Structure formats: structure tokens, C-alpha cells
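Take a look at the letters that make up each chain.
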Amino acid sequence: MSMITPVLMAGGSGTRLWPVSRKAFPKQFAALIGDETLFQASARRLSGAAFTAPVVMTNADFRFIVAEQLDQIGLEPGAIVIEPSGRNTAPAILAAALMVAAEDPQRLLLVAPSDHVIPDTAAFVRAVEAGTGPAREGRIVTFGITPDRPETGYGYLELAGQGEGPQPLARFVEKPDAARAAEMLAQGNFLWNAGIFLFSAQAMIDGFRAHAPHYIDPVQAALDGARTDIGFLRLARAPWDGLPDNSIDYAVMEKADNLTVVRFSDRWSDLGGWDAVWREMLGDGAQGDGVVADANSTAIDCHDVLLRSDSEDLQVVGIGLQDVMVVATSDAVLVADKSRAQDVRLAVTALKKKNRKQAMAFPRDHRPWGWFETLALADRFQVKRIVVKPGAALSLQSHVHRSEHWIVVSGTARVTVDDTVTLVTENQSIYVPLGAVHRMENPGKVPMVLIEVQTGSYLGEDDIIRYEDAYARDSKD
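Computed from a prediction, not measured in an experiment: that's the story for all the values here.

*Asks:* Help me understand unusual backbone geometry, please; the structure alone is not making it clear to me.
*Replies:* Glycine aside, negative phi is the norm for most residues, and most peptide bonds take the trans geometry. The step from Trp18 to Pro19 runs through a cis peptide bond, and the omega angle for that step is 10°. With respect to the helices and strands, Pro19 occurs in the loop between strand S1 (4–9) and helix H1 (38–45). Positive phi values are uncommon outside glycine, yet Arg380 reaches one of about 75°. Secondary-structure assignment places Arg380 in the loop between strand S19 (370–378) and strand S20 (381–388). The partly exposed category is assigned to Arg380, whose relative accessible area is 47%. A positive phi is found at Asp418, a non-glycine position, where the angle reads about 55°. When you line up the elements, Asp418 lands in the loop between strand S23 (413–417) and strand S24 (420–424).

Shown next as C-alpha cells:
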């Protein structure tokens with residue numbers, strides 16, 4: 001099999017796995033199953049002899065997380081493409097096809113979400129190999145999952161024929177009700193739509209020309225106007241922002257007549273809800289009686305439950321529970337009947353209406369230099385824990401509304417305050433007056449940890465004036 005370019009879709013914001021997945025840190029970047037994140041597992045699955053370095057389609061908020069998580073598993077991206085705004089999958093996939101076509105119009109692309117669980121990589125690669133023949137003949141190949149239950153949370157693919165080899169697609173089927181899902185399961189020629197596609201760059205461009213030609217010029221203009229930004233490719237905003245918000249299914253796939261389906265019958269999950277996480281983990285160390293509980297949770301006389309806590313300081317204990325999900329983070333707890341897993345998104349909607357930060361923001365704020373979390377927040381003061389990676393530095397900046405006091409608790413900080421540079425070591429502190437131009441750096445080889453105490457009339461993250469920044473951010477980024 002000749003080389004295939006993987007295209008990992010790593011934007012979006014899942015709400016059905018709240019509170020672990022939020023707009024600021026969606027599920028693909030969390031370690032929901034095992035030690036690796038879903039994004040890392042997806043990138044590793046689409047690496048090796050069959051694949052070129054991946055193209056990752058993401059947004060500005062996640063670009064450093066993408067780069068860091070790829071670096072952690074030793075993978076070098078072919079490109080990390082930053083979409084100026086969310087416009088769904090259609091323009092993102094066209095942008096990837098146009099990029100690859102500029103080098104080789106016949107190169108195959110494998111487009112995949114970055115939040116799926118597919119434990120058997122070898123079986124998945126074999127399925128991809130089965131689709132390369134039709135793809136090289138100019139067909140668009142989509143992958144369908146053999147259903148093992150009458151699932152109402154997925155769209156379906158109806159096959160035009162029977163058998164295990166590649167089959168023509170008869171039609172797409174929207175998410176069914178329970179009765180129709182049971183009928184389709186019994187018929188045997190309906191598969192779950194995995195949203196994974198294999199095609200040549202030219203075939204996808206031709207598909208857009210035939211069915212959604214209004215996308216081509218703006219997407220090409222966004223590519224032509226793209227600029228390189230410390231290893232990222234930023235698409236031009238003006239042409240991109242004018243594009244319709246549409247999925248690849250609606251823009252092209254449901255209109256095309258050259259679609260082929262490859263069946264995949266091994267384990268697969270899109271982890272579309274906490275019930276899916278529970279199902280996936282049942283075979284990986286569940287305690288019996290359908291109990292899935294992590295190291296920070298204890299189940300007593302429970303049946304068919306999921307208990308999870310992301311913090312050792314917050315122990316979850318369930319007694320006499322059945323068909324219940326309890327998921328706790330440091331700032332939010334979800335308790336729900338397992339049958340209502342698809343309704344977890346309603347919690348996000350309700351919290352947004354109440355203007356609660358837990359709806360979208362995550363307690364730990366990831367930055368290119370490391371991360372921080374708020375330990376205490378009240379009128380006119382805030383206390384943070386800040387962790388700076390070895391060799392990393394915050395921007396040279398000042399604040400209009402607050403002063404800061406820094407206490408180093410681990411490692412060494414090189415601190416610039418106006419014209420003075422000071423090394424601050426463990427148990428030492430330094431004061432940054434309001435308006436002072438300052439920077440913090442970690443010159444060491446281990447993470448540096450400090451406690452920051454802010455005081456002032458306004459403590460928002462947008463009270464930053466940046467003068468120099470190694471990560472090319474502005475005050476809003």
C-alpha cells in the first residue's frame with residue numbers, strides 16, 4: 001500500500017462528556033480510556049509505514065495542546081492547520097485536499113475524527129487497505145461499523161449489497177428511533193456511520209466542484225493567504241469566515257454517486273457519552289456486576305454503574321446504586337441515570353443560562369508554556385498555582401488593573417521586572433507592581449512551580465498587554 005496522508009480533525013467541543021470535556025478542553029485531549037489521550041491514540045493509530053506525517057485540522061485555542069501531545073508520543077506533524085473559526089467539517093476537509101493536491105492530486109487522504117476508540121490498530125489498517133483500491137479508482141470510501149445493538153445515537157449507512165468486501169453505498173440514514181434501529185440491526189445491511197473517509201485529493205475536489213462549488217474559491221483563498229506562525233499554518237480569516245457552516249456529509253457525501261463502504265467489525269466507539277465510556281471499560285478491569293470505578297472511587301453494593309473522580313482529594317463513594325453515572329472533577333459533579341447519557345449536554349445548556357464558568361471553562365488552563373489553576377478567587381484577590389515547563393517562558397507583559405506576588409515552591413524562576421532580572425529559587429518570592437513590565441522564565445531542567453497572588457480591581461485574563469512573546473500570541477490569545 002502506498003503512503004496515505006492522515007487528516008486528524010481536532011477542533012470542536014464535546015458536551016456529552018461534561019464535566020471532563022468542555023469547550024476549553026474537549027474530550028479528544030483527555031485520557032478517558034487508558035494513559036494516552038484520545039487524540040494521541042488516534043495519531044499513533046494513523047502512523048507507521050502506511051502513512052505520511054499527519055495533517056491536523058484544529059483551531060487557535062488548541063494548537064499548542066495538539067503540538068505538545070504529538071511531541072509527548074514522539075510524532076512529528078506534517079502540518080498543524082489553524083482554522084480561523086469553526087465552519088464544521090466540509091471546508092476543513094476541502095482545505096486538506098487542496099493542500100495535498102498541490103503536491104500530488106492522486107495522493108490518498110484518510111480523514112478521521114481524533115476522539116474515537118479503536119483498540120485493534122492492525123484490524124483498522126487492514127480495513128483501510130481494503131478501501132485503497134476503490135479510492136485509487138476515484139471513489140470516496142466511507143467506513144461503516146458493524147452494529148452490535150440497536151443504537152439510536154448514530155447515523156447509519158445502508159449497503160447496496162451484502163458481503164464483507166467494499167460495497168456501494170445505497171444511502172445515508174439519519175439517527176433512527178428505537179424501533180427502526182432494531183429493524184435495521186435485524187436486516188444486516190446497515191452499518192453505523194463512523195465519519196471516517198478515504199479518497200484521493202482530486203476525487204474530493206471534484207466532489208466539491210460537482211456538489212458544493214461555492215466552497216472552492218474561498219477555501220483556496222484562505223490557503224493562498226495563509227501564514228506560517230511558529231510551526232502552525234494559519235488560514236486567512238476573511239475568506240474563511242464567509243464560508244457556510246456545513247458538514248462534509250451534507251455538502252458532498254449525501255449527493256455523490258461514487259461512494260463505497262468498507263465494513264469494520266472490530267471494536268469501535270466514538271465515546272459519544274458516559275454510557276459509551278462505561279461500555280468500553282467493562283472489558284478492561286471492571287469490578288464485576290457491571291461496576292466501572294477508577295482509583296478515586298469506591299462502589300458498595302452497586303450494579304451497572306460508572307464512578308469516576310479526576311482528583312485524589314475528591315473521593316466518590318456509591319452505595320446501593322444501579323444504572324447510575326457519577327463523574328467528578330475538582331469543580332463539578334455529574335450524577336445521572338445511565339439511560340440519560342445523551343442528555344448530559346443539557347447540563348451545559350443549563351449552566352450557560354446561569355452564567356456558570358463550569359459550562360465551558362476547565363479548572364486547569366493549558367498554555368504553551370505550561371498550565372495554571374485558580375486555588376482561590378474573591379473580591380480583589382486571586383491565588384493561582386502556576387507550572388512552567390523546563391526552558392519555557394511567559395510573555396513579556398504588564399497589567400493595568402492588578403499587581404502580583406510570586407512565591408516559588410519548586411524549581412527556579414528567572415524573573416524580569418522592568419530593568420531588573422532576578423533568579424528566584426524555592427521558598428523565595430518577588431513582587432510585581434501594577435503596571436511593571438515583567439516576565440517569568442524557567443531556566444532549569446525540571447518543571448517550575450509557583451504560587452501567584454494577584455490583587456487589584458480587575459483580575460481577568462484579558463488584562464494583559466504583551467510586548468514580546470515566544471508563542472506569537474496577542475492579548476486576546
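Further notes follow.
*Asks:* Is there a simple way to explain the sheet that holds strand S25 (residues 429–432) in this structure?
*Replies:* Paired through their backbone hydrogen bonds, the strands of a sheet run either parallel or antiparallel. Strand order in the open sheet formed by six strands is S18-S19-S20-S27-S22-S25, and the pairing between neighbours is antiparallel. Each of the sheet's edge strands pairs with one partner strand only, and the pair in question is strand S18 (364–367) and S25. Shown here is a sheet whose adjacent strand axes are inclined to one another by a mean of 20°, direction ignored. Bridge analysis of S18 against S19 gives four bridges, and the strand direction is antiparallel. Its bridge partner being in S19, His366 is matched across the sheet by Trp371.

*Asks:* Explain the nonpolar core to me, please; I cannot follow it from the model alone.
*Replies:* The nonpolar side chains of soluble globular proteins are, as a tendency, buried together. Leu32, Leu110, Phe143, Leu198, Leu271 and Trp274 are the most contacted members of the largest nonpolar core, which has 91 residues in total. The leading source of residues in this core is helix H4 (residues 121–136), at six residues. Sequence-distant contacts of Leu271, defined by excluding residues within four places in its chain, comprise Leu17, Lys27, Leu32, Ile33, Leu38, Asp115, Val117, Ala276, Val277 and Glu280. Listed in part, the 46 residues of the second largest apolar core include Ala95, Leu191, Tyr215 and Val252.

*Asks:* What is the right way to look at the pairing of strand S7 (residues 167–173) in this model?
*Replies:* The side chains of a regular strand alternate between the sheet's two faces. Of the pairings in the sheet, the one linking strand S6 (residues 156–159) to S7 comprises four bridges and is antiparallel in character. If you follow Tyr156 over to S7, its bridge partner there is Val173. As judged from the two bridges shared by S7 and strand S11 (residues 259–264), these two strands associate in the antiparallel manner. Pairing of Pro168 across the sheet is with Thr260, part of S11.

*Asks:* Explanation requested: the pairing of S25 in the structure shown.
*Replies:* Burial along S25 is one-sided: the residues Ile430 and Val432 are buried and none of Ser429 and Tyr431 is. Sheet topology note: the strand S22 (residues 402–410)/S25 ladder contains four bridges and is antiparallel. Following the sheet pairing, Trp406 is matched in S25 by Ile430.

*Asks:* Explain the sheet that holds strand S14 (residues 305–309) here, please?
*Replies:* The four strands lie next to each other as S12-S14-S16-S17, forming an open sheet whose pairing is mixed. The sheet is open, and its two borders are formed by strand S12 (291–293) and strand S17 (333–337), each paired with just one other strand. The sheet shows a mean angle of 5° between the axes of neighbouring strands, direction not considered. With five bridges connecting them, strand S16 (residues 324–328) and S17 associate as antiparallel partners. The partner of Val326 across the bridge, within S17, is Val335.

*Asks:* In this structure, what is going on with the packing of H1 against helix H2 (residues 63–72)? I would like to understand it.
*Replies:* Between two packed helices, the angle of one axis relative to the other and the distance separating the axes together describe the packing. Look at H1 against H2: their axes get within 10 Å of each other, and the N-to-C directions meet at 60°. Classified by the angle between their axes, H1 and H2 sit oblique to one another. By crossing handedness, the relation of H1 to H2 is classed as right-handed. Of the residues in H2, those in contact with Phe39, Gln40 and Ala43 of H1 are Val66, Gln69, Leu70 and Gln72. Residue classes in the contact of H1 with H2 are distributed as four nonpolar, three polar and no charged.

*Asks:* Help me understand H4, please; the structure alone is not making it clear to me.
*Replies:* Along an α-helix, a turn takes 3.6 residues, which lines up residues three or four apart on a common side. Its 16 residues place the ends of H4 22 Å apart at the C-alpha level, agreeing with the 22 Å of an ideal helix rising 1.5 Å per residue. At Ala130, H4 shows its maximal kink, close to 25°; a proline, Pro134, follows between one and four residues later. If you check which residues of H4 are buried, you get Ala123, Phe124, Val125, Ala127, Val128, Gly131, Thr132, Pro134 and Ala135. Structurally, H4 contributes buried residues whose contacts are with S1, H1, strand S4 (108–113), strand S5 (140–145), strand S8 (190–200) and S11. Put simply, Asp120 is the residue that caps the front of H4, since its side-chain oxygen is 3.3 Å from the backbone nitrogen of Ala122.

*Asks:* How should a nonpolar patch on the surface be read in this particular structure?
*Replies:* Together, Ile300, Val317 and Ile319 give the surface a local cluster of nonpolar side chains, amounting to about 290 Å² of exposed area. Relative to the assigned elements, Val317 resides in strand S15 (residues 316–319). Here Val317 falls in the exposed class, since its relative accessible area comes to 52%.

*Asks:* Please clarify how the packing of aromatic side chains should be interpreted in this entry.
*Replies:* Two aromatic rings are characterised by how far apart their centres lie and by the angle between their planes. Under the criterion given, the structure shown has 12 aromatic pairs. For the ring pair Phe25 and Phe29, a centre distance of 6.2 Å and an interplane angle of 50° mean the geometry is tilted. Overall, the relative accessible area of 9% leaves Phe25 in the buried class. Stacked on the ring of Phe232, the Lys or Arg Arg63 has its end atom at 6.0 Å from the ring centre. Sitting over the ring of Trp278, Lys338 keeps its end group 3.7 Å from the ring centre.

Procedures and definitions
- Residues numbered from 1 in each chain as written.
- Predicted model: local features only at pLDDT ≥ 70, side-chain atom pairs only at ≥ 80, totals over all residues.
- Heavy atoms only, no water.
- Helix = DSSP H or I, 4+ residues; strand = E, 2+ residues; numbered from the N terminus.
- Buried < 20%, exposed > 50% of the residue type's maximum accessible area, 1.4 Å probe, protein only.
- Pairing = 2+ DSSP bridges.
- Axes fitted to C-alpha atoms, helices over the stretch in contact; angles between N-to-C directions.
- Core = buried A, V, L, I, M, F, W, Y, C linked by side-chain atoms within 4.5 Å.
- Contact = heavy atoms within 4.5 Å.
- Parallel < 35°, antiparallel > 145°, perpendicular 65-115°, else oblique.
- Left-handed = near helix turned anticlockwise from the far one by under 90°.
- Nonpolar A, V, L, I, M, F, W, Y, C, P; charged D, E, K, R; others polar.
- Expected span 1.5 Å × (residues − 1).
- Bend = angle between axes of the 7 residues up to and from the residue.
- Polar contact = N/O pair within 3.5 Å; in protein donor to acceptor, adjacent residues only side chain to side chain.
- Patch = residues over 30% accessible without salt bridge, like charges linked within 9 Å, V, L, I, M, F, W, Y side chains within 5 Å.
- Areas by Shrake-Rupley, 256 points an atom, 1.4 Å probe, with all protein chains shown as cover.
- Salt bridge = Lys/Arg side-chain N within 4 Å of Asp/Glu carboxyl O.
- Phe/Tyr/Trp six-rings, centres within 6.5 Å; stacked < 30°, edge-to-face > 60°.
- Lys NZ or Arg CZ within 6 Å of the ring centre and 35° of its normal.

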